[in-house]
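Overview (structure and organization)
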Amino acid sequence: MIGLEVHVQMTETGTKLFCDCRSNYRGMEPNTNVCPVCLGLPGALPVPRRRPLVFATALSMLMVCETPPAMIFTRKHYFYPDLPKDYQITQYQGGGGAPVCLGGRARYYDPDTDEWREVRIRRINVEEDPGRTEYEGSITSSEAAYVDYNRSGVPLVEVVTEPELRSPRDARRFVEYLLLMMEYIGATNPRLEGAFRVDANISVRGGERVEVKNIGSTVDLERAIKYELFRQEKLISQGGAVERETRGWDPARRLTKPQRSKETEEEYLYFPEPDIPPISMKELVIEAAPLTLRDPAKYMDVITARGIPRRQAWSIVLYRPALSLYLKSLDKGADPLLAARMIAVDLKGLLKKLNADLYGASSWPSPDVIAGLTRLVRSGDYSYDEIKYNSLPKLALNPSASLSDVLPPRSNNIEDAVEVVIARERKAVSDFINGKPEALDYLVGSVLKMRRGYAVDPKLVRKVLLSRLTGAQDGHSNGGDGADSTANSRS
Amino acid sequence: MRRATASAVLEGIFSGSLSPEEHVMEIYDNIKKWEPKVKGFITLLDEEAVLRRAKEVESLLKDGKRPPLAGLVVAVKDNISTKFAPTTAGSRMLSGYVPPFNATTVERLLAAGAIIIGKTNMDEFAMGSTTELSAFWPTHNPWDLERVPGGSSGGSAAVLAYGGADLALGSDTGGSVRLPAAYTATVGLKPTYGLVSRYGLIPYANSLEQISPMARSVKDVAMLLDVVSGHDPFDATTLNAGPTRTSSVAPEDPSKLSICVPHEMIDGSDPPVRSTILKLLDRLEAEGVKVSYDASLPSAPDALPVYYTIALAEAASNLARYDGKLYPFVVLRPNYTETVTSTRSEGFGREVKRRILLGVMALSEGYRDEFYVAAAKGRRIIRDEVLGMTKKCIIAGAVSPAPPPRLGERISDPLKLYALDVYTVIANLAGVPSLAVPAGFYDGLPLGVQFMASPLEEGKLMALGQLVEDVTGLRGVMA
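To start, this report covers the structure provided alongside it. In this text the structure is predicted, and so the values were computed from the model without any measurement.

**Focus on the overall build of chain A**
A tally of helices and strands in chain A yields 16 helices and 15 strands. Principal-axis analysis of the C-alpha atoms places the extent of chain A at approximately 105 × 55 × 45 Å. Here chain A, with 491 residues, has 43% of them falling under the buried criterion. Of the contacts formed within chain A by residues at least 6 apart in sequence, a portion of 69% connects residues at least 24 apart.

**A word on the environment of Phe41(B)**
Residue and element names in this part refer to chain B. Residue position: Phe41 is located in strand S1 (residues 41-44). For Phe41 and Ile211, which are 170 residues apart along the polypeptide, the C-alpha to C-alpha distance reads 18 Å. For Phe41, the contacting residues outside a window of four places in its chain are Glu35, Gly118, Lys119, Thr120, Asn121, Gly155 and Val159.

**Digging into the sheet that holds strand S10 (residues 434-442) of chain B**
The strands making up a sheet are joined through hydrogen bonds of the backbone, oriented either antiparallel or parallel. All names here are of chain B. Spatial ordering of the open sheet is given by S1-S3-S2-S4-S6-S5-S10-S11-S9-S7-S8, a layout of eleven strands whose pairing is mixed. Pairing within the sheet leaves two strands with one partner each, and these edge strands are S1 and strand S8 (290-292). The average angle at which neighbouring strand axes cross in this sheet is 30°, direction not considered. Bridge analysis of S1 against strand S3 (residues 115-120) gives three bridges, and the strand direction is antiparallel. For Phe41, the partnering residue across the bridge sits in S3 and is Thr120. Helix H5 (residues 154-162) contacts S1, strand S2 (73-77), S3, strand S4 (167-172) and strand S6 (210-215) of the sheet and is inclined by roughly 155° relative to S4. Of the strands in this sheet, strand S5 (187-190), strand S9 (394-398), S10 and strand S11 (445-452) are in contact with helix H15 (residues 458-472), which crosses S10 at around 10°.

**So, the pairing of strand S5 (residues 104-110) of chain A**
Residue and element names in this part refer to chain A. Here S5 runs beside strand S6 (residues 115-128); their pairing, made up of seven bridges, is antiparallel. Considered in S6, the bridge of Tyr109 is made with Trp116. Taking the residues between adjacent antiparallel strands as the criterion, S5 and S6 are bridged by four residues, where Asp114 takes a positive phi near 55°.

**Some words on the environment of Asn30(B)**
Residue and element names in this part refer to chain B. Assignment of secondary structure puts Asn30 in helix H2 (residues 20-38). On the basis of neighbour counts, which here come to 19 C-beta atoms within 10 Å, the residue Asn30 falls in the partly exposed class. Placed 28 residues apart in sequence, Asn30 and Arg2 show a C-alpha to C-alpha distance of 7.5 Å. Here Asn30 is in contact with Arg2, Tyr162, Gly163 and Gly164, once residues within four sequence places are set aside.

**Quick notes on the interface of chain B and chain A**
Counting residues at the interface gives 35 residues for chain B and 26 residues for chain A. Mapped onto the side of chain B that touches chain A, the elements with two or more residues apiece are helix H9 (303-318), helix H10 (336-347), helix H11 (350-363) and helix H12 (369-390) of chain B. Partitioning the side of chain B that touches chain A into residue classes produces 20 nonpolar, seven polar and eight charged.

**Describing the packing of helix H6 (residues 310-317) of chain A against helix H8 (residues 336-353) of chain A**
All names here are of chain A. Between H6 and H8, the shortest axis-to-axis distance is 9 Å and the interhelical angle comes to 70°. One element, H6, and the other, H8, form an angle in the roughly perpendicular class. Pair H6 / H8 crosses with left-handed handedness. Counted together, Gln312, Ser315 and Ile316 of H6 and Ala340, Ile343, Ala344, Val345 and Lys348 of H8 form the full contact between these two elements. Looking at the contact of H6 with H8, its residues break down into five nonpolar, two polar and one charged.

**Details of the sheet that holds strand S14 (residues 271-272) of chain A**
Residues and elements named next belong to chain A. Taking strand neighbours across the sheet as the criterion, the three strands line up as S4-S3-S14 in an open arrangement whose pairing is antiparallel. Edge positions in the sheet fall to strand S4 (87-91) and S14, since each of these pairs with one other strand and no more. In the sheet, strand S3 (residues 73-77) pairs with S14 via two bridges, with the strands oriented antiparallel. If you follow Arg75 over to S14, its bridge partner there is Phe271.

What counts, and where the lines are drawn
- Residues numbered from 1 in each chain as written.
- Chains lettered and ligands numbered in written order.
- Predicted model: local features only at pLDDT ≥ 70, side-chain atom pairs only at ≥ 80, totals over all residues.
- Helix = DSSP H or I, 4+ residues; strand = E, 2+ residues; numbered from the N terminus.
- Buried ≥ 20, exposed ≤ 12 C-beta atoms within 10 Å, placed from the backbone.
- Contact = placed C-beta atoms within 7 Å.
- Pairing = 2+ DSSP bridges.
- Axes fitted to C-alpha atoms, helices over the stretch in contact; angles between N-to-C directions.
- Nonpolar A, V, L, I, M, F, W, Y, C, P; charged D, E, K, R; others polar.
- Parallel < 35°, antiparallel > 145°, perpendicular 65-115°, else oblique.
- Left-handed = near helix turned anticlockwise from the far one by under 90°.

Have a look at this one:
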């Protein structure tokens, strides 16, 4: 059985949870993103900022949570150098506290099986992040511990699941989807270093529950659980016992290590934070309601309703700019199926090859171009492959290009190609003259092949070939002026 | 020269007959005479800086400005943060700590033209009722130097009582302003919870305490309250209300005032306390005030254990942060845990450690329901009883069950010490305003009376308080 506690920083709130220092501290000199409040100086008081509470409420609503009438913050006490007050302001169910979510269920998509899954949520709480302790080299060899409080007070949501995730991959999919929701509501940029941490509770039949702490990526989460399941099953098969303990994930060596045994149960002295009055949920729910419209699942539904396969829809939803491009191109009249295929499959593949930032809006073309391209394919002016091989690579390299910049040029001198083909394919020419009309098809194909890289209309080629061949039969040499004018009539 | 009330000083300053600088020099004369015996200040600000400030206020007056506390000298309890002076909360643990910010109340004092003269002595982290538990020295009562001035804001009260300041800020968690007021014949008001910002108050028990005005007259207390009260965006527990206007309330027609005296608020007090208060109430009745003795707060006997359980739980939490990492006082040891342990062993006094241990126990798994959760329930019951009564009448009672004790008389036995708060903690549990005013003297020792009203009825208390002053004649008395 696998249960998770996922801590996600709300990096995009602008401010910390209880003061106006910045929520995104990255790139700042140590201890420059601090004030009396987040340093916990005596007499400085926490005043909750609205945005983190609204984001947490939106997440709770997306997870179909039961919410309390009012959220009540709680103090959780433990001595640690990077915890300035030696207590953390969090939310706790019981002891007079009330977390933003008292239980719910989260739906998440599994692209491997192309299924929606569900896991019950035990609790969501809002809390402050502690600072960071750094060492020179390792914790054991370092002369000193250096504490940086820039992170202290950054708003977090902690999402606790029931222990019902089925596999390491399943756990990973849930977290990926949770991060996507946080990104969609605008709370978090999950790609920032340290933007989330996962603790996994893992147990196998016949053993106690083991908590693996501090897993920093979704890939590591899958690895850590896999390792831990293997370790526990092996231990039991060898006749050993899995004791209740806390272990840490070592991402470099890819294994879990014992941290502390749980014989001494923690004593956190929970009690309601007296500096923060209860915060009514009623107004928060109203404020958060517009954010819940930005549910990735809803967008999946919008896309699949147009007949697009779910996996392809997922590929679009996975990247916010791709989704935005897709929806806007539909507004501009794009064909839904063709646009999905362009964006989710071919353009995305090209961008990946170029190592472009798929999360950056500037990596993607404008909706007008996508709409224009799908229209041209739809009308039969171009084949999808012509666009795929000619236009999309250009767009991937230069996303700001216009439709005319990327459309493959029409060849306006098919005659040259026709001359070459007639000179080269003597047998086919004589076959045609000798009354084998199917030889013309072969000749048309040869011309098209020669003109690869340009868009060439097969009907036009046939016409030019025909007039040239019948002319040759009559002994006329034709410059093809008529063909020129026809070729240009298509733009 | 000693001036009876801040209002009188302000009149002199506004009329031009007294300059702030002259006034500060008068205050320094009083301090030089009394301070060596009383020891009310932990820190006296640099005299030159204080005089500079006086000149600054003077130039404001010359520009035609009339800030409401222009030139008044204020003493500030040493648990209220000042970035221009060390703020120790009476503890060794915070010796050398100069906060990087001013409390909101201090900012408002400065904006009102007040001159802050020093930081006053107090029981360590406000844990005590006599000011004997200061980590530095005990403060003596100017009315009888053998006796305590009450606590924990004993420094502020003692300084007022000898004329070392016109006004003072204290803090009242369970009577810490009213008890010293009663012991020194001064006036103290514990405001409605949330009326005055706690931003910058070094916390003892957050849900109970308020920074509280102290002075030698009710009017002066009202003036000070009007300056420091009102919503503060830096304190989420402040009420959404502007500053009070209690100093301009018109005197109330006595027949419109109604007082109840629940027997629990006076039973168990020493005979002199009891008789002085009853005599005063008789005289108020003669003035036309309705006084009823047919009243009861049946849960009042639970107030003391309920109060101490909640206060100590919050205190244990608030004091966790003093572990040697962010504040100057540290006892370095080879590792983190030992450093924390040694710092706390040496930095905290005995009573503080006792209260931390009791508070930790009240919150511990297995005890929390029996202690903290039960106390929170008891608190709601007491609050409802008090609010029910203050809707109908002003509650009157004793401030302290006894006249000011001698130094050393109470601190040997913590239960005897805690018992001094038996009448005062009720207002803190209920969140209602409570005013302590002089009721009379017994054997040369000051005795006080306490009045409680509904939340935000400070104006009503001021009106009654001024009537009491008229009856007793104890307005602006000094030792």
